[in-house]
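Below are the chains, spelled out letter by letter.
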Amino acid sequence: MAEQPNGHPFQPPNPSSKPKYSLATLSIHGDDPINTTTDVAPALHVSSTFRYPSDPSQLSPKNDLDVPDRAPTDPAPADSHIYSRLTAPNTSRLELLLGRILGAPCLTYTSGLAAFHALLIHLHPKVVAIGAGYHGCHGVLHIYQKLTNCKIVDLFDEGSWQNDGEGWSLGQGDVVHLETPVNPTGIAYDIQHFADLAHKRGALLTIDATFAPPPLQDPFVHGADYVMHSGTKYFGGHSDLLCGVLAINNRREGEGGRKGWDWEKRYWDMVGERVFLGSVMGSLEGWLGVRSLRTFELRILRQSQNCETIVRWLNECLTTKSPSQDDEIVRQSLASISHAAIQSTSTPPSDMAWLKKQMPNGYGPVFALSLKTARQAKHFPSNLHLFHHATSLGGVESLIEWRRMSDDTVEETLCRVSVGAEDVGDLKDDLLQGFKALAAMGDGR
Ligand SMILES: Cc1ncc(COP(=O)(O)O)c(C=O)c1O
């Protein structure tokens, strides 16, 4: 038994007893198995290199691609680190914790886009079906296309997934990539529907679940093979770190699992590929990530509830048959809003029962609102006091963005709102006074 600096013997937790903890508990205790010191808050390790054993008889030369003698879901032992482009204590701890939260082995990357890049390199598809969504992912895919000449087809038009004339079709080993809920509208899509489409062709379903991390949805239950997140958003949660996450489906059969799926080999391949891509998070970011995840469940549920309350309120302002004075003020400038909580049957497939099934605990905390004119959309963020006018999302601070500032694929009338963890009454009051200021401004056309 190891002796601690304070003289207390260190009793490592017993890894053979793994009770099924809830998300709130896992976020705080999922990394207990690597508590090797008496610190309650984990230490920040800054070293990029780690000493080999001092006993020459324990020196066994390693290759960067050697698969360690442990399961992907087990913690990396404290004395296993060699060089921080391979593994390092703070990022390994973050991966262990995220693995518990996502219920699948996962790896972290410098950013969400670095994770998507690593996913494409790992799967090297010849055909990728992708829909609308975060424009940055399309940017990464176009770089990949430049290198590989892959075909990019429309996710929502299955007819475009093959071209008999040119002799290609989306099939074995290719990728169907779905972002849900989608940026910037917050509308959700039926994961199972796209899993079935992909799997019947031997293709893989990858999900960008950034907008709705657990407990809002679990794409693996509905057939996803890989799940990616921009951890910069809800996992980080404080607008102060960049992070990307890739998780792999380790459910062999039954609930969301697949027959003959060698996820362990795939996982270790991704580990090896990351060694050479070099897109590992820094130790400070890894440490910040763990710190953030302690309050993850509180934040995500509060933000999701706040968002739904605001969306339902604005929807009521737009649709009520007996509008109040305030409703009339909102109606003067607001043309429409979009979000999963109020999405209609026009999104495929038309039966909406899947939505409650796939998002039983609430929807993503981002929605979009369209003003009647581009001028109103450009002015609205500056009228608000509690919403920062900034890009990104997921932090405890509410944000609003006139989306044309960073995405030229959207209408000039659109503002994207990332709802934070403030008091929802205060947020509604702030939005209402913002609409009053727009009304006072006149249409100025
Ligand atoms: C849905 C989605 N995926 C991926 C990303 C990219 O994440 P990152 O900025 O961490 O690279 C973003 C960023 O906004 C996003 O919204």
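Since we're looking at a predicted model, the values are computed, not measured. (Residues numbered from 1 in each chain as written. Predicted model: local features only at pLDDT ≥ 70, side-chain atom pairs only at ≥ 80, totals over all residues. Heavy atoms only, no water.)

Considering the side chain of D430
Inspection of the secondary structure puts D430 in helix 12 (residues 424-441). Buried within the structure, D430 lacks any salt-bridge partner; its nearest side chain of opposite charge belongs to K436, at an N-O separation of 11 Å. Those residues in contact with D430 that lie beyond four places of it in its chain are L384, H385, L386 and F387. (Helix = DSSP H or I, 4+ residues; strand = E, 2+ residues; numbered from the N terminus. Buried < 20%, exposed > 50% of the residue type's maximum accessible area, 1.4 Å probe, protein only. Lys, Arg positive; Asp, Glu negative; His and termini not counted. Salt bridge = Lys/Arg side-chain N within 4 Å of Asp/Glu carboxyl O. Contact = heavy atoms within 4.5 Å.)

Observations regarding the site of the ligand
Around the ligand sit 14 residues, and of these G112, L113, D208, S230 and T232 come closest. N183 has a polar side-chain atom sitting 3.1 Å from an oxygen atom of the ligand. One of the side-chain nitrogen or oxygen atoms of K233 is found 3.0 Å away from an oxygen atom of the ligand. Protein coverage of the free-state accessible area of the ligand, which is 390 Å², stands at 92%. Considered class by class, the residues forming the shell around the ligand number five nonpolar, six polar and three charged. (Near = heavy atom within 4 Å. Polar contact = N/O pair within 3.5 Å; in protein donor to acceptor, adjacent residues only side chain to side chain. Areas by Shrake-Rupley, 256 points an atom, 1.4 Å probe, with all protein chains shown as cover. Nonpolar A, V, L, I, M, F, W, Y, C, P; charged D, E, K, R; others polar.)

Regarding the domain arrangement of the protein chain
Taken domain by domain, the protein chain consists of domain 1 (78-293) and domain 2 (296-441). The centre of domain 1, based on its C-alpha atoms, is set 27 Å off from the matching centre of domain 2. Listed as interface residues are 31 residues of domain 1 and, on the opposing side, 38 residues of domain 2. When domain 1 packs against domain 2, close to 2900 Å² is buried across both sides, 61% of that on carbon and sulfur atoms. Considering only the side of domain 1, the residues that lose the most area to domain 2 are P184, L216 and Y234, jointly responsible for 25% of the buried surface there. Here domain 1 is connected to domain 2 by 14 residue pairs in polar contact (both at pLDDT 80 or more). (Domains from an automatic or database assignment. Buried area = accessible area lost by both parts, 1.4 Å probe.)

Details of the pattern of salt bridges
One pass over the full model with this rule turns up 13 salt bridges. The partner of R93 in a salt bridge is D31, with the nearest N and O atoms 2.7 Å apart. Of this pair, R93 sits in helix 2 (residues 89-102) while D31 sits in the loop between helix 1 (23-29) and helix 2; the two residues are 62 residues apart in sequence, bridging distant segments of the chain. Both residues of the pair, R93 and D31, count as buried. Where E401 meets R416, a salt bridge forms, and the shortest distance between an N and an O atom there is 3.7 Å. Of this pair, E401 sits in strand 13 (residues 399-402) while R416 sits in strand 14 (residues 414-418), and the two are 15 residues apart along the sequence.

Here's the deal with the packing of helix 3 (residues 112-123) against helix 6 (residues 263-277)
Contact geometry of helix 3 with helix 6 gives a least axis separation of 10 Å together with a crossing angle of 120 degrees. The pairing of helix 3 with helix 6 is recorded here as oblique in orientation. Note that helix 3 runs across helix 6; the crossing there is right-handed. Contacts between helix 3 and helix 6 involve H117, A118, I121, H122 and L123 from the first element and R266, D269, M270, E273 and L277 from the second. (Axes fitted to C-alpha atoms, helices over the stretch in contact; angles between N-to-C directions. Parallel < 35°, antiparallel > 145°, perpendicular 65-115°, else oblique. Left-handed = near helix turned anticlockwise from the far one by under 90°.)

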